[in-house]
Amino acid sequence: MAKLVYRIGTVTFGMLLVMALILFALGFWQRHSVVNAELLEITSSDALQKEAQQCLDRGELGEASRLMQRILSECPNSENIDWAQSNLAILNLLTQPNCDSGYLFLSEMMTKEPDAMGTGEVLYTAATILDKQKKQDQAKALYSHIQGHWVDTELGLKATVELVKKSPSVDDDPNGQQVIDQLKAQYGEMESLPEAIYSLAYHYGLSGDNVKALYTLQQIEQTWPDSSYAASSRMMSLAITSSADPNYTTQLFAETASVGKDIICLGSVADVAMMYAAKIRGEKTYKQNPNSSADIQKVIFLGQAYLNNDTSSTQAAQIAFQVAQGYYDLGDYQNAINYYTLVLTHWSTHTLAWHAKFRVGVCYQAMEKAGLMDTENARTLTAQVFNELVAEYPACPAVGAASRWLNSQNDSVEGRI
């Protein structure tokens, strides 16, 4: 009897031990599963955020939006939720005819976290978008809010400079000295001050206010003589001066050749190229202006110097497109095709891609008209390009002109887009 009791007790104890081990294993598995799920969500969210940011950098806004929506739906507890929501709001402002949801999110963000730096950064990005869309009142309201709420910060500096750009000229400050003095007094210790003042000089240059532009660039050279912004300012000064005196062009080209891979100076090379391009396009009769040819050559030289160091950024896409436009204006249609094709090869989803595709077809027509290509070959190639355009970019502004040409094949589309 004693042995039987002992055996029963032993079995019972063994069963209890096994059950305890099973329960422990189940608990551990559940905890481990939760941890794994959390880790998977974090990993997935980070991967999606990284991919979405890369799409934004490449100008692939539709794909970026899709990835951000996935972060919201698949990773609701991740740290990237705020990033996805804020960027979706910005994309809404940028791409949608009805921007109500974007404005709503910005209002909620300002109420929920009014003092967070992240809120200010989102508001600044939204303001720049509204600015580009010519919604000046909304942009100025956001810039003013940022200027007053994030005083003595980099955001405050950038907002202040943007407001200066939109302010009317002051009669007793013809060269902009008062503005520069005020910026130095308030933000003099800030590392980003030369960059902010340079952006103001560039604005003056684009606006045709060469007096203020040259004075502002001179101030950068004198205040920060050993910085990359000093070299950039010398380049921009030469660009502005060479417009009136061609003798400065040689110096401009030499300065451009010396910048190497300095990111700040390369940015200025792009700025100068775009400034010349804007000047050329701003003249309705630029093709008849004898000075335009020299400016076009400058765009090509500066653009090629920039592209020798950068063929990945969205700015590089704009530069490549302007180089192509320059070659087209000079009648060098094959080189124009080469650079339009460069845009399509490296930035197929960029907002300029459809335009580059359309311009390739225009080049084939121009080559036919100039006797550089026989009619059959030119029309075959044009038809191929335009069919690709209609298939790949069905909502672009050039579809109508391309479709009409495909239906007739006897009407030039030059000048339509």
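Source: prediction; values computed, not measured. (Residues numbered from 1 in each chain as written. Predicted model: local features only at pLDDT ≥ 70, side-chain atom pairs only at ≥ 80, totals over all residues. Heavy atoms only, no water.)

1. Considering the side chain of Thr-216
For Thr-216, the position within the fold is in helix α10 (residues 210-223). Reaching out from Thr-216, the side chain makes a polar contact with the backbone oxygen of Lys-212 at a distance of 2.7 Å. Those residues within four positions of Thr-216 in sequence are excluded, and the remaining contacts are Ile-180, Ile-197, Ala-201 and Tyr-204. (Helix = DSSP H or I, 4+ residues; strand = E, 2+ residues; numbered from the N terminus. Polar contact = N/O pair within 3.5 Å; in protein donor to acceptor, adjacent residues only side chain to side chain. Contact = heavy atoms within 4.5 Å.)

2. Here's the deal with the packing of aromatic side chains
Aromatic rings in a pair are described by how distant their centres are and how their planes are angled relative to each other. Evaluation of the coordinates by the stated rule reveals eight aromatic pairs. Through a chain of ring-to-ring contacts, the aromatic side chains of Phe-358, Phe-386 and Trp-405 assemble into a single cluster. Directly above the aromatic system of Tyr-124 lies the positively charged group of Lys-158, at a separation of 4.5 Å from the ring centroid. A cation over an aromatic ring shows up here: Arg-359 above the ring of Tyr-328, its NZ or CZ 4.5 Å from the ring centre. (Phe/Tyr/Trp six-rings, centres within 6.5 Å; stacked < 30°, edge-to-face > 60°. Lys NZ or Arg CZ within 6 Å of the ring centre and 35° of its normal.)

3. Quick look at the environment of Ile-90
Following the sequence through the fold, Ile-90 ends up in helix α3 (residues 81-95). Between the alpha carbons of Ile-90 and Ala-126 there is a distance of 5.8 Å; along the sequence they are 36 residues apart. Apart from residues lying up to four places away in sequence, Ile-90 is in contact with Val-122, Thr-125 and Ile-129.

4. So, the pattern of salt bridges
Counting across every chain of the model gives 12 salt bridges. The residue Glu-221 makes a salt bridge to Arg-234 at a minimum N-O spacing of 4.0 Å. Remark: Arg-234 occurs in helix α11 (residues 228-242) and Glu-221 occurs in helix α10; sequence separation between them is 13 residues. Among the residues examined, Arg-234 registers a relative accessible area of 33% and is labelled partly exposed. A salt bridge links Lys-279 to Asp-295; the shortest N-O distance between them is 2.7 Å. Taken together, the residues Lys-279 in helix α13 (residues 263-282) and Asp-295 in helix α14 (residues 290-307) connect sequence positions 16 residues apart. (Salt bridge = Lys/Arg side-chain N within 4 Å of Asp/Glu carboxyl O. Buried < 20%, exposed > 50% of the residue type's maximum accessible area, 1.4 Å probe, protein only.)

5. Details of the nonpolar core
Leu-183, Met-236, Tyr-306, Tyr-328, Tyr-340 and Leu-389 are the most contacted members of the largest nonpolar core, which has 85 residues in total. When residues no more than four places from it in sequence are discounted, the contact partners of Leu-183 are Leu-157, Thr-160, Val-161, Gly-188, Leu-193, Ile-197 and Leu-200. In terms of nonpolar packing, the next biggest core, distinct from the first, is built from 20 residues, Val-122, Tyr-124, Ala-126 and Ile-129 among them. (Core = buried A, V, L, I, M, F, W, Y, C linked by side-chain atoms within 4.5 Å.)

6. Let's talk about helix α9 (residues 193-207)
Between its first and last C-alpha atoms α9 spans 21 Å; for 15 residues at 1.5 Å apiece the expected length is 21 Å, and the two agree. Those residues of α9 that sit buried are Leu-193, Pro-194, Ala-196, Ile-197, Tyr-198, Leu-200, Ala-201, Tyr-202, Tyr-204 and Gly-205. Where α9 is buried, its residues touch α7 (154-166), α8 (177-187), α10, α11 and α13. Backbone geometry just downstream of α9 places Gly-208 in the positive-phi region, at approximately 85°. (Expected span 1.5 Å × (residues − 1).)

7. Focus: helix α5 (residues 117-132)
For α5, built from 16 residues, the straight-helix expectation of 22 Å at 1.5 Å per residue is met to within 8% by its first-to-last C-alpha distance of 23 Å. Among the residues of α5, those classed as buried are Thr-119, Gly-120, Val-122, Leu-123, Tyr-124, Ala-126, Ala-127, Ile-129, Leu-130 and Asp-131. Where α5 terminates, the next one or two residues include Lys-134, which has phi positive at roughly 65°.

8. Digging into the confidence of the model for the protein
Predicted coordinates in areas of low pLDDT are best not read in detail. Considering every residue of the protein, the mean pLDDT works out to 82; 81% of them sit at 70 or more. Of the regions scoring below 50 in pLDDT, residues 20-26 engages in zero contacts with residues more than four places distant in sequence or in other chains. (pLDDT = per-residue confidence, 0-100.)

9. A closer look at the environment of Asn-77
On the secondary structure map, Asn-77 appears in the loop between α2 (61-74) and α3. Relative accessible area serves as the criterion here: at 68%, Asn-77 is assigned to the exposed category. Along the sequence, Asn-77 and Ser-45 sit 32 residues apart, while their C-alpha atoms lie 9.4 Å from each other.

10. Concerning unusual backbone geometry
Despite not being glycine, Asp-152 has its phi angle at roughly 60°, a positive value. If you trace the backbone, Asp-152 turns up in the loop between α6 (136-149) and α7.

11. A short note on the packing of α9 against α11
α11 packs onto α9 with a crossing angle of 5° between their chain directions and a minimal axis gap of 11 Å. As summarised for this structure, α9 and α11 are arranged roughly parallel, according to the angle between their axes. For the pair formed by α9 and α11, the contact residues are Pro-194, Glu-195, Tyr-198, Tyr-202 and Gly-205 on the first element and Tyr-229, Ser-232, Ser-233, Met-236 and Ile-240 on the second. Classifying every residue of the contact of α9 with α11 by side-chain character gives six nonpolar, three polar and one charged. (Axes fitted to C-alpha atoms, helices over the stretch in contact; angles between N-to-C directions. Parallel < 35°, antiparallel > 145°, perpendicular 65-115°, else oblique. Nonpolar A, V, L, I, M, F, W, Y, C, P; charged D, E, K, R; others polar.)

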